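Chain by chain, the residues:
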Amino acid sequence: MISKDLGGSNTPLFMYTNNNNAIIPMTATPLSFVEYFNQQEDKHIRTEWIKHVNDLLNFVFEEGEDLFLNLKGIRIAADALLEGDLEWDQISEFVSDHGIAELPYILEYFEAVENTTKEVVEDFLEEQCGDCAYCEHVEDAYHGCWESGADYAQELVEDCFFENKNPWWVETDWNATWENLSQDYWISENGHVFSYNF
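As the structure is a computational prediction, the values presented were derived from the model and not from experiment. (Residues numbered from 1 in each chain as written. Predicted model: local features only at pLDDT ≥ 70, side-chain atom pairs only at ≥ 80, totals over all residues. Heavy atoms only, no water.)

A. Summary view of the overall build of the protein. Secondary structure assignment for the protein yields nine helices and five strands. In sequence order, the protein lays out its α and β elements as β-β-α-α-α-α-α-α-α-β-α-α-β-β. Looking at the protein as a whole, 41% of its 198 residues qualify as buried. Summarising the internal contacts of the protein: among those between residues at least 6 apart in sequence, 50% fall at separations of at least 24. Carbon together with sulfur atoms contributes 45% to the accessible area of the protein, which is approximately 11,400 Å² in total. (Helix = DSSP H or I, 4+ residues; strand = E, 2+ residues; numbered from the N terminus. Buried < 20%, exposed > 50% of the residue type's maximum accessible area, 1.4 Å probe, protein only. Contact = heavy atoms within 4.5 Å. Areas by Shrake-Rupley, 256 points an atom, 1.4 Å probe, with all protein chains shown as cover.)

Here you go:
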């Protein structure tokens, strides 16, 4: 349900009806929501955008999450739905994998997946404790897929250095070289190598 009074930044823009038919006014609607709404001259765009926001509010509420703590993610997802940058199944899958609190980073997540693979992004995020704010760094950190860290170490040395001019961390044993490199690189269980320096 939408409040009829859209006049000021302190008036409720949305009202949510839960399964028990209780009405929860959103009395602290951020100014950005009101400004965005008022900027849209096309009534159809306004209607679509509000529909997306209300659907997302329902979704967040049904997940048992706090509506106010998740307004930024709701706004980003509603904008992306309106622009056709996201589909509902993507939002649902993302929330299932990463939680509502990560919604502000959903566009960066899917951009990283598009530019690498989902497996690469998930392996990277696992090392970052699941924090999707790091999605923008996946491409900078990613160094390909290898059978082992030793294979990566050998390739790195052979591509970047001349024989007899190797840096201190190169040893004849590629496993030992990888151990020396592991201060700056890590390898996932799937063989994806990432740099810590992104």
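B. Structural view of the nonpolar core. Within the largest apolar cluster, 35 residues are counted, with the highest numbers of intra-cluster contacts made by Ile91, Tyr109 and Val121. Going through the elements one at a time, helix 2 (43-62), helix 3 (71-83), helix 4 (88-98), helix 5 (106-115), helix 6 (118-127) and helix 7 (138-141) are the ones with two or more residues in this core. A per-element tally of this core places helix 2 first, with seven residues. Leu156, Val170, Leu181 and Val193 belong to the second-largest nonpolar core, a separate cluster that totals ten residues. (Core = buried A, V, L, I, M, F, W, Y, C linked by side-chain atoms within 4.5 Å.)

C. Representation of the packing of helix 8 (residues 149-160) against helix 9 (residues 174-181) in the model. Put simply, helix 8 and helix 9 touch, their axes get as near as 8 Å, and they point 85 degrees apart. Judged by the inter-axis angle, helix 8 sits roughly perpendicular to helix 9. When helix 8 is examined against helix 9, the residues Gly149, Ala150, Tyr152, Ala153, Gln154, Leu156, Val157 and Glu158 are found in contact with a partner set consisting of Trp174, Asn175, Thr177, Trp178 and Leu181. Residue classes in the contact of helix 8 with helix 9 are distributed as eight nonpolar, four polar and one charged. (Axes fitted to C-alpha atoms, helices over the stretch in contact; angles between N-to-C directions. Parallel < 35°, antiparallel > 145°, perpendicular 65-115°, else oblique. Nonpolar A, V, L, I, M, F, W, Y, C, P; charged D, E, K, R; others polar.)

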